[in-house]
Amino acid sequence: MTDKFQIVGSLLRPDELLEYKSQIEHRDDIQYPFYNHFEGYAQCETKAIEQVVKKEIEHNLSIITDGEFSKSMWHLDFVWGFGGVERYIADHGYFFRDVDGTSKYETRKDIGLRITGELSGKNHHFIQLFKQLQDTAGDQQTKLCVPSPSHIFGELSWSDNIGGTDAVYQNIQELKAGLVKAYKEFVTEFAAAGGKILQFDDCLWELFADDNPNSPFTGEHINQEEVQGLATEFIDINNTVIDYGHSLGLKMWTHNCRGNYDSRNMGGGSYAKIANLFLKQLKYDRFFLEWDDDRAGSIEALEVFKDRPETEIVLGLLSSKTSTLDDEDRVLRLLDEASKIIDKDRLLLSHQCGFASCDGGNELSESQQWAKIDQGQRIAKQYWGS
């Protein structure tokens, strides 16, 4: 076993679990947690998690997740679990680029977030799920993955939840304060439950890269001072919660990518363009970064970590989107390039994202998923040793 290969978090769900989840997507009369609405759902989910944890251990993963089997989408289930939030069916889903990169591909539509009261992270269902994961994993180290505060702050800021006559929060500063409070309440209960590693997932950083053709923040009509101000707000809200997690003794990690849905992506934007913002200023202990294709730009963006000797970087050089094994020569070449910038001992290897950021998962089979995980283990062992 080597701890130098890691998974981001999510794994392909079994068909039995997907049968339950398929009944939820188009119904806005069902609120979280969903298993309350279907007989047998909770038992099916628990069994599936037990099975996937067993497989993770069999495949020599050193840090165990529940495969994110309790989630419909990588981020919204967490927010639906807050007090003061309702889920609803939106007019359209998120837009992803199709596999040929030329067209828009719409996701499922149950992406609506409606704030109905003061946000609260107390008594969140994810805490109970995490306790079950710990019991299932036994002595194995575990982590919990939830969306970053800044990602949710961004989505809520761009919604119609702020400033209306009946709005709970009248401006983004009120929203920010309410969201920080809710996250701190959740982090407190996570630490009390015995949690050690909390991973914040995020895919909004690249919106601030001016080489991202899909960014809404580029163009002559855009006020770049306002854009930089928003980036600063994102960094500040994350660091506030990261600092709080650190004060409770937690390891605080992050994963960043450019969108992952049904083997599609959301856009581009290089790390070099945002390195001095999100890579340099965010206080995470470990960064999972996406580098499986050219969209991330040069690996020289890692230069920004040189003066952060305690920070670990997980290079997502492998692809969770494809069904075939990855080019090992490319991976080893990029690991060598990275180790000339950052000490080899501070580097790790992963796929660029999870295998199932949302229920349906990427376009590969379960056996192909585990083969790709085994390949990652082999490369890591070859590069770093046992």
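Keep in mind that this is a model prediction, so the values were computed, not measured.

Re the overall build of the protein chain
Along the backbone of the protein chain there are 10 helices and 12 strands. Restricting the contact set of the protein chain to residue pairs at least 6 apart, pairs at least 24 apart contribute 78%. Positive and negative side-chain charges in the protein chain, numbering 40 and 64 respectively, have mean positions lying 3 Å apart.

Concerning the pairing of strand β8 (residues 197-202)
Counting buried residues in β8 gives 6 out of 6 residues, a clear majority hidden from the surface. Burial of the side chains of β8 extends over both faces: I197, Q199 and D201 are buried on one face and L198, F200 and D202 on the other. Across 4 bridges, the pairing between strand β7 (residues 144-147) and β8 is parallel. Its bridge partner being in β8, V146 is matched across the sheet by F200. The pairing of β8 with strand β9 (residues 251-256) spans 6 bridges and is parallel.

What to know about the state of the cysteines
Throughout the structure, instances matching the rule amount to 0 disulfides. In this structure C44 is not part of a disulfide, and its nearest cysteine sulfur, from C358, lies 19 Å away. For the unlinked cysteine C257, the closest cysteine sulfur is that of C353, found at 3.9 Å. Assessed through its relative accessible area of 6%, C257 is described here as buried.

Quick notes on the sheet that holds strand β10 (residues 286-290)
Pairing within the open sheet is parallel, and its 6 strands lie in the order β7-β8-β9-β10-β11-β12. Looking at the sheet topology across the chains shown, the edges are occupied by β7 and β12 (347-351). Between one strand and the next, the sheet's axes are offset by a mean angle of 25°, whatever the strand orientation.

A short note on unusual backbone geometry
A cis geometry characterises the amide bond from Y32 onward to P33, with omega recorded as 0°. With respect to the helices and strands, P33 occurs in the loop between α1 (15-21) and α2 (41-58). For N123, which is not glycine, the phi torsion reads 55° and is therefore positive. Tracing the chain through its elements places N123 in the loop between β5 (112-120) and α4 (125-137). Residue N123 is classed as exposed on the basis of its relative accessible area of 71%.

Describing the pairing of strand β11 (residues 312-318)
Among the 7 residues of β11, 6 are classified as buried, and the element is accordingly described as predominantly covered. In this structure, β10 lies alongside β11, joined through 5 bridges in parallel fashion. Bridge pairing links R286 to E312 in β11. In terms of strand pairing, β11 meets β12 through 5 bridges, oriented parallel. The residue of β12 that forms the bridge with L315 is L349. Note on the crossover from β11 through helix α9 (residues 328-339) to β12: the handedness is right-handed.

A closer look at the environment of Q132
The residue Q132 is located in helix α4 in this model. Sequence spacing of Q132 and L364 is 232 residues, and the spatial spacing of their C-alpha atoms is 28 Å.

Observations concerning the pattern of salt bridges
Enumeration over the complete set of coordinates arrives at 27 salt bridges. D359 is the salt-bridge partner of R108, the closest N and O atoms lying 3.5 Å from each other. With R108 in the loop between β4 (104-106) and β5 and D359 in the loop between β12 and α10 (366-384), this pair connects stretches of sequence that are 251 residues apart. For the pair R108 and D359, a shared accessibility class is recorded, and that class is buried.

Structural notes on the packing of α4 against helix α6 (residues 172-192)
The packing of two helices is summarised by the inter-axis angle and the distance between the axes. Where α4 contacts α6, the axes come no closer than 10 Å and their chain directions differ by 20°. One finds that α4 runs roughly parallel with respect to α6. Handedness of the α4/α6 crossing: right-handed. Of the residues in α6, those touching α4 at F126, I127 and F130 are F186, E189 and F190. For the contact of α4 with α6, the per-class residue count stands at 5 nonpolar, no polar and 1 charged.

Let's talk about the nonpolar core
Judged by nonpolar contacts, the single largest core of 114 residues is most densely connected at F208, F278, L289, W291, L302 and L315. Counting 7 residues, the second-largest nonpolar core is a separate cluster that includes V8, W253, F288 and V314.

Quick word on α2
Note that an α-helix has 3.6 residues per turn; residues three or four places apart therefore point the same way. Helix length check: α2 (18 residues) gives 26 Å between terminal C-alpha atoms against 26 Å at 1.5 Å per residue, within 8%. In this structure, the buried residues of α2 make contact with α1, β1 (63-64), α4 and α10. With its phi angle positive at about 65°, N60 sits one or two positions after the end of α2.

Topic: the packing of aromatic side chains
What the rule picks out here adds up to 28 aromatic pairs. Ring geometry for F34 against W80: centres 5.6 Å apart, planes inclined by 65°, an arrangement best described as edge-to-face. With F34 in the loop between α1 and α2 and W80 in helix α3 (residues 76-80), the pair connects residues that are 46 residues apart, well separated along the chain. Accessibility expressed as a relative area gives 4% for W80, which makes it buried. In this structure, K104 is placed above the aromatic ring of F95, and the distance from its NZ or CZ to the ring centre is 5.4 Å. Across the ring face of Y105, the terminal group of R264 is positioned such that the distance to the ring centre comes to 4.2 Å.

The rules behind the values
Residues numbered from 1 in each chain as written. Predicted model: local features only at pLDDT ≥ 70, side-chain atom pairs only at ≥ 80, totals over all residues. Heavy atoms only, no water. Helix = DSSP H or I, 4+ residues; strand = E, 2+ residues; numbered from the N terminus. Contact = heavy atoms within 4.5 Å. Lys, Arg positive; Asp, Glu negative; His and termini not counted. Charge placed at Lys NZ, Arg CZ, Asp CG, Glu CD. Buried < 20%, exposed > 50% of the residue type's maximum accessible area, 1.4 Å probe, protein only. Pairing = 2+ DSSP bridges. Disulfide = S-S within 2.5 Å. Axes fitted to C-alpha atoms, helices over the stretch in contact; angles between N-to-C directions. Right-handed = clockwise from strand over helix to strand, strands pointing away. Salt bridge = Lys/Arg side-chain N within 4 Å of Asp/Glu carboxyl O. Parallel < 35°, antiparallel > 145°, perpendicular 65-115°, else oblique. Left-handed = near helix turned anticlockwise from the far one by under 90°. Nonpolar A, V, L, I, M, F, W, Y, C, P; charged D, E, K, R; others polar. Core = buried A, V, L, I, M, F, W, Y, C linked by side-chain atoms within 4.5 Å. Expected span 1.5 Å × (residues − 1). Phe/Tyr/Trp six-rings, centres within 6.5 Å; stacked < 30°, edge-to-face > 60°. Lys NZ or Arg CZ within 6 Å of the ring centre and 35° of its normal.

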